[in-house]
Amino acid sequence: MRISSIKPDVLTLRELYKEEASSLQIPSIQWQFVWDSEDVKELIDSIVNGYPIGAVIIWEPTSKFPSAPLIGRGGTSKNRYVLDGQQRLTALMLIQNGWRIQRGEKLIQCTPISYVPENNRLYLSSKKGIDISLIVNASLGDADALVQLQREYPAKYRQAMNSIGERIVNYKLPFYVLKSDTDGTDNVYEHIAEIFTRVNSAGVKIGNLEMFLSFFAAAFPKKEKDRIIEIHEDLSTRFELDLEPLIRF
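Owing to the predicted nature of the structure, the values given are computational and were not obtained by experimental measurement. (Residues numbered from 1 in each chain as written. Predicted model: local features only at pLDDT ≥ 70, side-chain atom pairs only at ≥ 80, totals over all residues. Heavy atoms only, no water.)

Right, let's talk about the overall build of the chain for a bit. Along its length, the chain carries 10 helices and 11 strands. In the chain, the proportion of contacts linking residues at least 24 apart, taken out of those at least 6 apart, comes to 71%. For the chain, the accessible area works out to roughly 12,700 Å², and carbon and sulfur atoms hold 50% of it. (Helix = DSSP H or I, 4+ residues; strand = E, 2+ residues; numbered from the N terminus. Contact = heavy atoms within 4.5 Å. Areas by Shrake-Rupley, 256 points an atom, 1.4 Å probe, with all protein chains shown as cover.)

Here's what the structure looks like:
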């Protein structure tokens with residue numbers, strides 16, 4: 001397998017929500033979603049203030065890789081896997097989808113986050129202020145969300161959309177797409193482990209996860225790899241078991 005192209009791009013979050021998110025998959029070797037509600041709130045604060053939140057890196061191989069959808073129960077016919085940015089993308093999906101999403105058979109959720117126009121601050125609350133998910137969906141053009149926002153907050157909805165909604169949906173996210181092809185050998189796991197390690201280490205000492213990915217790539221024939229991933233998908237759904245302890249076992 002070799003990288004045939006790297007396409008740097010910039011997407012607005014509006015484009016991510018409407019065009020890209022439904023086609024993205026999370027590789028089975030990726031981390032679980034580990035952010036808490038405070039992390040999601042800090043991400044929103046960074047976006048609203050125009051701070052950089054890092055790039056998202058997508059891998060497009062010619063062959064399929066064991067994975068779960070970024071959002072939803074079903075898969076997609078496109079081979080588009082998130083190499084870097086899973087925590088941020090999951091948080092962004094939570095923002096748009098009322099703070100809870102389905103990923104395959106697993107439910108991911110966080111505490112609702114609201115905006116208080118009087119002091120221009122964000123809160124972890126479903127009762128104080130205006131729900132940011134409602135603001136974002138209204139800014140994305142959802143008619144029901146816009147009507148609800150206007151009805152419940154007639155004096156404040158414009159400020160909410162200008163101060164929060166428009167800043168979020170128009171935020172520009174660096175987006176890299178790596179395309180690869182196969183060379184006729186069964187080395188896709190080895191290469192994805194190497195790419196994942198390099199993308200995530202960024203000069204930092206490689207941790208246990210990356211070492212185990214490399215070990216996993218090299219130590220098992222394809223049939224055994226597929227069986228281990230199948231077992232992991234079942235156990236991670238029921239017990240949130242990471243891949244590393246399963247490989248140790």
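The strand order across the open sheet formed by 3 strands is β9-β8-β10, and the pairing between neighbours is antiparallel. Taken across any chain shown, the strands that pair with only one partner, and hence form the sheet edges, are β9 (121-124) and β10 (130-131). Bridging between strand β8 (residues 113-116) and β9 involves 4 bridges; their strand directions are antiparallel. Bridged to Val116 within β9 is Arg121. (Pairing = 2+ DSSP bridges.)

Across soluble globular proteins, nonpolar side chains show a tendency to be buried alongside one another. Within the largest apolar cluster, 50 residues are counted, with the highest numbers of intra-cluster contacts made by Leu13, Ile44, Leu92, Ile95, Ile132 and Ile168. Residues in contact with Ile95, not counting those within four places in the same chain, are Tyr17, Val40, Ile44, Ile132, Ser133 and Val136. If you look at the next biggest cluster of nonpolar residues, it comprises 6 residues, including Ile57, Phe65, Tyr81 and Leu178. (Core = buried A, V, L, I, M, F, W, Y, C linked by side-chain atoms within 4.5 Å. Buried < 20%, exposed > 50% of the residue type's maximum accessible area, 1.4 Å probe, protein only.)

Before going further, it helps to examine the side chain of Asn137. Within the secondary structure layout, Asn137 lies in helix α4 (residues 132-139). For Asn137, a relative accessible area of 16% puts it in the buried group.

A full pass over the atoms with the stated rule returns 7 salt bridges. One salt bridge connects Lys156 with Glu118, and the closest N-O pair in it is separated by 2.4 Å. Of this pair, Lys156 sits in the loop between α5 (143-152) and α6 (157-169) while Glu118 is found in the loop between β8 and β9, placing the two residues 38 residues apart along the sequence. We classify Lys156 as partly exposed; its relative accessible area is 31%. (Salt bridge = Lys/Arg side-chain N within 4 Å of Asp/Glu carboxyl O.)

This part takes up the pairing of strand β7 (residues 106-109). The two faces of β7 differ: Lys106 and Ile108 on one face are buried, but Leu107 and Gln109 on the other face are not. Pairing of strand β6 (residues 100-103) with β7, which is carried by 4 bridges, proceeds in the antiparallel orientation. Bridge assignment links Gln102 to a residue of β7, and that residue is Leu107.

Attention now goes to the side chain of Ser139. Structurally, the position occupied by Ser139 is in helix α4. Using a relative accessible area of 5% as the deciding quantity, one classes Ser139 as buried.

We now examine the layout of surface pockets. Reported here for the second largest pocket is a volume of approximately 190 Å³. Lys41, Glu42, Asp45, Val48, Asn49, Tyr115, Asn120, Arg121, Leu122, Ser163, Ile164 and Arg167 are the residues that line the second largest pocket. Listed by contribution, the elements that provide at least two residues to the lining of the second largest pocket are α2 (37-48), β9 and α6. Counting residues per element, the lining of the second largest pocket draws most heavily on α2, which supplies 4 residues. Split into classes, the residues belonging to the lining of the second largest pocket amount to 4 nonpolar, 3 polar and 5 charged. (1 Å grid on protein atoms, 1.4 Å probe; cavity = no way out; pocket = protein on both sides within 12 Å on 5 of 7 lines; lining within 4 Å. Points joined across faces, edges and corners; volume = space filled by probe spheres on them. Nonpolar A, V, L, I, M, F, W, Y, C, P; charged D, E, K, R; others polar.)

Time to look at unusual backbone geometry. Phi is positive for Trp99, close to 75 degrees, though the residue is something other than glycine. Along the chain, the position of Trp99 falls in the loop between α3 (86-96) and β6. The backbone of Asn120 shows a phi angle near 60 degrees, a positive value even though the residue is not glycine. Considering the arrangement of structural elements, one finds Asn120 in the loop between β8 and β9.

Take the packing of aromatic side chains next. A full pass over the atoms with the stated rule returns 1 aromatic pair. Ring geometry for Trp59 against Tyr81: centres 5.7 Å apart, planes inclined by 45 degrees, an arrangement best described as tilted. A residue pair is termed long-range when its members are at least 10 positions apart, and Trp59 in strand β3 (residues 56-60) and Tyr81 in strand β5 (residues 81-84) qualify at 22 residues. Seen from the ring of Tyr123, Lys128 lies directly overhead, with NZ or CZ sitting 4.2 Å from the centre. (Phe/Tyr/Trp six-rings, centres within 6.5 Å; stacked < 30°, edge-to-face > 60°. Lys NZ or Arg CZ within 6 Å of the ring centre and 35° of its normal.)

Right, let's talk about the environment of Glu152 for a bit. Here Glu152 lies in helix α5. We classify Glu152 as partly exposed; its relative accessible area is 40%. Along the backbone, Glu152 and Ile130 are 22 residues apart, and their C-alpha atoms lie at a distance of 9.1 Å.

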